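Summary of the model geometry
Below, each chain spelled out in residue letters.
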Amino acid sequence: MSEAAVIMRHPNEAQASPLGAVLIIDDEAAIRESLETLLELEGYAVDSASSGEDGLARLGDRSFDLVLLDLALPDRNGIDLLPEIHAHDPQLSVIMITAYGTVENAVKAMQAGATNFVQKPWDNEKLLADVRTAVARHRAEEENVQLKRALKQRYNFENIVGKSEPMLKIFDLVAQVAASRSTVRDW
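Numbers given for residues are sequential positions, taken from 1 along each chain in its written order. Thresholds applied to this predicted model are a pLDDT of at least 70 for local features of residues and 80 or more for the giving and counting of side-chain atom pairs; totals over whole chains, interfaces and linings are not thresholded and use all residues. Only heavy atoms go into the side-chain values, all of them from the structure, while hydrogens and water stay out.

**Quick notes on the overall build of the chain**
What counts, and what does not: The helix count covers DSSP runs of H or I at least four residues long, the strand count covers runs of E at least two residues long, and both are numbered beginning at the N terminus. Only protein chains enter the accessibility calculation, which uses a 1.4 Å probe; a residue whose area is less than 20% of its type maximum is buried, one above 50% is exposed, and one in between is partly exposed.
Scanning the chain from N- to C-terminus turns up six helices and seven strands. Relative to its full complement of 187 residues, the chain shows a buried share of 39%.

As structure tokens, this is what we get:
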């Protein structure tokens, strides 16, 4: 038995779900449909794939907040797929879902970058709590990256007016000191 899921936005959906987008990657149609129904009823935008390659292709098409990934897929091992998923989005949360819930598999999945490891059959309420947590974490990390980028652009030296030689010397000095942990004191 194998299953995987990724939260994602539907291509035909006019507006993305405010709760998030999930992609489900699982080779079993019944598992995919069960997860899709559960997540859609909660308000998530859901897409699914029946193989690792199909899942990677969907990741290339749009962004997701979460991937629910089966350990045993017909074309790939879910753990081996994790680095490729994170190549698309390093902050993307991935929850492994599997019937092969050994401690060894859980440790390997977490070491490979999985956010969580859920064993089949799962408890719907616990899975939904895990999904909410993973989506919130992904969104917070994305927001952090965007805010850092905005701050860097806003306070970059190119945005400071001053082209005279004394000002250029001050910019050079500030750039050298900025990387240090020194404080500035007024004597």
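**Focus on the side chain of H138**
Just so we agree on the cut-off: Contact criterion: two residues are considered in contact whenever any of their non-hydrogen atoms come within 4.5 Å of each other.
In this fold, H138 is placed in helix α5 (residues 124-154). Of the residues examined, H138 reaches a relative accessible area of 4% and is grouped as buried. If we ignore the near neighbours within four places in the chain, the residues touching H138 are F64, D65, D89, Q91, L92 and S93.

**What to know about the packing of helix α2 (residues 52-61) against helix α3 (residues 78-88)**
We count it as follows: Lines fitted to the C-alpha atoms define the axes, with helices restricted to the stretch that makes contact. Angles between their N-to-C directions range from 0 to 180 degrees. The cut-offs work like this: below 35 degrees is roughly parallel, past 145 is roughly antiparallel, 65 to 115 is roughly perpendicular, and the gaps in between are oblique. Residue type decides the class: Asp, Glu, Lys and Arg count as charged, Ala, Val, Leu, Ile, Met, Phe, Trp, Tyr, Cys and Pro as nonpolar, and the leftover types, Gly among them, as polar.
One way to put it is that α2 packs onto α3 with a least axis distance of 10 Å and a crossing angle of 10°. With respect to each other, α2 and α3 are oriented roughly parallel. Of the residues in α3, those in contact with G52, L56, L59 and G60 of α2 are L81, E84, I85 and H88. Class assignment for the residues of the contact of α2 with α3 results in four nonpolar, three polar and one charged.

**Regarding the pattern of salt bridges**
Rules: In the sections that follow, a salt bridge refers to a side-chain nitrogen of Lys or Arg positioned within 4 Å of a carboxyl oxygen of Asp or Glu.
Evaluated as defined, the whole model comprises ten salt bridges. Among the ionic pairs, R58 bridges to D47, the shortest N-O distance being 3.2 Å. Taken as a pair, R58 in helix α2 and D47 in strand β4 (residues 45-49) lie far apart in primary sequence, eleven residues in all. In this structure D47 comes out as buried when scored by relative accessible area, which is 10%. K108 is the salt-bridge partner of E104, the closest N and O atoms lying 3.2 Å from each other. Here E104 and its partner K108 are both found in helix α4 (residues 103-111), four residues apart, which amounts to about one turn of the helix. Under the relative-accessibility criterion, K108 is labelled partly exposed at 40%. When salt bridges with common partners are traced through the structure, they connect D47, D54, R58 and R62 into a single cluster.

**Regarding the nonpolar core**
Quick reminder of the rule: Residues belong to one nonpolar core when they are buried, are Ala, Val, Leu, Ile, Met, Phe, Trp, Tyr or Cys, and are joined through side-chain atoms within 4.5 Å.
Counting 23 residues, the largest nonpolar core has I25, L59, V67, L69, I85, V94 and M96 as the members making the most contacts within it. Looking at this core, the elements with two or more residues in it are β3 (21-25), β4, α2, β5 (64-70), α3, β6 (93-98) and α4. Take this core: its biggest share by element is four residues, from α3. Counting 19 residues, the second largest nonpolar core, distinct from the first, contains I31, L38, L66 and I95.

**Description of the pairing of strand β7 (residues 116-119)**
The line we're drawing: Only when DSSP finds a minimum of two bridges between them are two strands counted as paired.
Where β6 and β7 come together, four bridges link them in parallel fashion. Of the residues in β7, the one forming a bridge with I95 is N116.

**Considerations on the environment of N124**
Basically, it comes down to this: Between N or O atoms, a polar contact is any pair within 3.5 Å; within protein, one atom must be a potential hydrogen donor and the other a potential acceptor, and residues adjacent in sequence are included only when both atoms are from side chains.
Positionally, N124 belongs in helix α5. Linking N124 and L35, residues 89 residues apart in sequence, is a C-alpha distance of 9.2 Å. A distance of 3.0 Å separates polar atoms of two side chains, one belonging to N124 and the other to W122.

**Description of α2**
Heads up, the condition is: The arc in question is formed by the directions pointing from the helix axis toward the C-beta atoms.
Turning to α2, its buried residues number three or more, namely G52, G55, L56 and L59. Angularly, the buried residues of α2 cover 100° about the axis, an arc narrow enough to put them on a single face. Among the exposed residues of α2, those oriented more than 90 degrees off its buried face are G60 and D61.

**A closer look at the confidence of the model for the chain**
Applied cut-off: On a range of 0 to 100, pLDDT expresses the predictor's confidence in each residue.
Mean pLDDT for the chain: 83, with 83% of residues reaching 70 or above. Segment residues 1-15 is flagged for pLDDT under 50; beyond a separation of four residues in sequence, or across chains, it makes 87 contacts in the model.

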